[in-house]
Amino acid sequence: MTADTLTTALVLGGLFLILFTCERWMPLRQARLPLARRLWINLSIAALAIGTAAAFVQPAGAIALQFISERRFGIIPWMNLSAAVQSVFGFLLLDLTFYYWHLANHKSPFLWRFHNVHHIDRDLDVSTAFRFHFGEVALSAGFRALQIAVIGVSPLTFALYELVFQANTLFHHSNVRLPVAAERFLNRILVTPRMHGVHHSEIQSENNSNFSVVFPWWDRLHRTLRLNVAQSQIVIGIAGYAAVADEGLTHALMMPFERQHNYWRRADGTICTERIQTDAKAPMRYMCE
Ligand SMILES: [Zn+2]
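Quantities reported herein were computed from a predicted structural model and do not represent experimental measurements.

A. Focus on the overall build of the protein chain. Along the backbone of the protein chain there are twelve helices and two strands. In the protein chain, the order of α-helices and β-strands from amino to carboxyl end is α-α-α-α-α-α-α-α-α-α-α-α-β-β. In summary, the protein chain has a C-alpha radius of gyration of 19 Å against a globular reference of 19 Å for 289 residues, a match within 12%. Considered along the principal axes of its C-alpha atoms, the protein chain spans approximately 60 × 40 × 35 Å. Taking contacts inside the protein chain between residues at least 6 apart in sequence as the whole, the part at least 24 apart equals 70%. Surface exposure of the protein chain reaches about 14400 Å², of which carbon and sulfur atoms provide 68%. Distance between charge centroids for the protein chain: 4 Å, based on 25 positive and 20 negative side chains.

See below:
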């Protein structure tokens, strides 16, 4: 382990513990499943994801970074910018392209089979943050190499982005209740827990919103931003994978390779497509058929 990797692990490990502690104190959403069992499942899936990232994604990124530095390859080196502007531009382009990768994981039926493993968690907290199927992580190695090569980002900007990306992934998955005013302010520049909570809703139109990772601006730009949903009204998870039988670790690891359920059909047979407001004073209702 290099000194850089050790520093990153310590920063992210520390942030995980801080958020985990805050979740006990001031939870944003009511938990539905026993914490110990979810921790076991999520941390096991995360351990496989981290191992896969170390084996495939990191080497793919390192090869791409070396390739572009030897050849001055990519969008940024081709533009004659000062070093500082290059860094800012590279940082923004990395975040924008992760928005597209996340979008692709929802729109492509093949990629969704893997990304769905992250979404079927019926609670959302900091332990969900690294709950990614190892297949999704392995597939992202190709994207990572392409992303770095096309942008032509410097190793330092990339390392900085990587740290911010992971830290904000922990933060926006966390179940920490921030004061609404504070979160609204923060949400101008960062994806926050309430914003990402909408993305984990079992309503398809809400699941297909809020794809940004660090900066929320990409959702604004692409008109995929959805903020007008109270967290107390959100059912977290994927409707077609909400049975007790869908909770286990082996099932989570095997499900991309198995016959897929209807993702949006609930156990009672209904599909809720949207949320509607029938009365200005009443909370919004699901529109189900
Ligand atoms: Zn997603």
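B. Structural context of the coordination of the zinc ion. Within the protein, the zinc ion binds to His102 (NE2), His106 (NE2), His115 (NE2), His119 (NE2) and His199 (NE2); these donor distances fall in the range 2.2 Å. Counting along the primary sequence, the residues that act as donors to the zinc ion give the motif H-x3-H-x8-H-x3-H-x79-H. With His102 in helix H4 (residues 83–107) and His119 in helix H5 (residues 109–119), this residue pair connects regions lying 17 residues apart in the sequence. Considered together, His102 and His119 belong to a single accessibility category, that of buried residues.

C. Local environment of H4. The first and last C-alpha atoms of H4 sit 36 Å apart over 25 residues, in line with the 36 Å expected at 1.5 Å per residue. Of all the positions in H4, only Gly90, Phe91, Leu93, Leu94, Asp95, Leu96, Phe98, Tyr99, Trp101, His102, Asn105 and His106 are classed as buried.

D. The arrangement of the packing of aromatic side chains in detail. Within this structure, the stated rule accounts for 20 aromatic pairs. Between the NZ or CZ atom of Arg24 and the centre of the ring of Phe20, over which it lies, the distance is 4.3 Å.

E. Here's a closer look at the nonpolar core. If you look at the biggest cluster of nonpolar residues, it comprises 25 residues, and the most contacted ones within it are Phe98, Ile148, Val153 and Tyr161. Breaking this core down by element, the ones donating at least two residues are helix H2 (35–71), H4, helix H6 (134–151) and helix H7 (155–173). Of the residues forming this core, the biggest block, seven residues, is contributed by H4. The residues touching Val153, leaving out its near neighbours within four places in the chain, are Leu65, Ile68, Gly90, Leu94, Ile148 and Phe158. Listed in part, the 14 residues of the second largest apolar core include Ile45, Trp112, Tyr241 and Met255.

F. Seen up close, a nonpolar patch on the surface. The grouping of Leu48, Phe134, Met254 and Phe257 at the surface amounts to a nonpolar patch, some 360 Å² of accessible area in total. Its place among the elements puts Phe257 in the loop between helix H12 (249–254) and strand E1 (272–276).

G. Structural context of the packing of helix H1 (residues 3–25) against H7. In contact at an axis separation of 10 Å, H1 and H7 are set at 15 degrees when each is read in the N-to-C sense. Between H1 and H7, the angle falls in the class roughly parallel. Remark: the crossing between H1 and H7 carries right-handed chirality. Residues Thr8, Val11, Leu12, Leu15, Phe16 and Leu19 of H1 lie in contact with H7, whose contacting residues are Leu163, Gln166, Ala167, Leu170 and Phe171. Of the residues contributing to the contact of H1 with H7, the split by class is nine nonpolar, two polar and no charged.

H. Seen up close, the environment of Leu48. When you line up the elements, Leu48 lands in helix H2. Classification of Leu48 by relative accessible area gives partly exposed; the value is 39%. Leu48 sits 87 residues away from Gly135 along the chain, and the two C-alpha atoms are 9.7 Å apart. In this structure, Leu48 is in contact with Phe134 and Leu253, ignoring residues within four places of it in sequence.

I. Representation of the side chain of Glu206. The topology assignment puts Glu206 in helix H10 (residues 204–207). Aside from chain neighbours lying at most four places away, what touches Glu206 is Val198, His199, Ser201, Arg226, Val229 and Arg275.

What counts and how
- Residues numbered from 1 in each chain as written.
- Predicted model: local features only at pLDDT ≥ 70, side-chain atom pairs only at ≥ 80, totals over all residues.
- Heavy atoms only, no water.
- Helix = DSSP H or I, 4+ residues; strand = E, 2+ residues; numbered from the N terminus.
- Rg over C-alpha atoms; globule rule 2.2 N^0.38 Å.
- Contact = heavy atoms within 4.5 Å.
- Areas by Shrake-Rupley, 256 points an atom, 1.4 Å probe, with all protein chains shown as cover.
- Lys, Arg positive; Asp, Glu negative; His and termini not counted.
- Charge placed at Lys NZ, Arg CZ, Asp CG, Glu CD.
- Donors = N, O, S within 2.8 Å, 3.2 Å for Na, K, Ca; no water.
- Buried < 20%, exposed > 50% of the residue type's maximum accessible area, 1.4 Å probe, protein only.
- Expected span 1.5 Å × (residues − 1).
- Phe/Tyr/Trp six-rings, centres within 6.5 Å; stacked < 30°, edge-to-face > 60°.
- Lys NZ or Arg CZ within 6 Å of the ring centre and 35° of its normal.
- Core = buried A, V, L, I, M, F, W, Y, C linked by side-chain atoms within 4.5 Å.
- Patch = residues over 30% accessible without salt bridge, like charges linked within 9 Å, V, L, I, M, F, W, Y side chains within 5 Å.
- Salt bridge = Lys/Arg side-chain N within 4 Å of Asp/Glu carboxyl O.
- Axes fitted to C-alpha atoms, helices over the stretch in contact; angles between N-to-C directions.
- Parallel < 35°, antiparallel > 145°, perpendicular 65-115°, else oblique.
- Left-handed = near helix turned anticlockwise from the far one by under 90°.
- Nonpolar A, V, L, I, M, F, W, Y, C, P; charged D, E, K, R; others polar.

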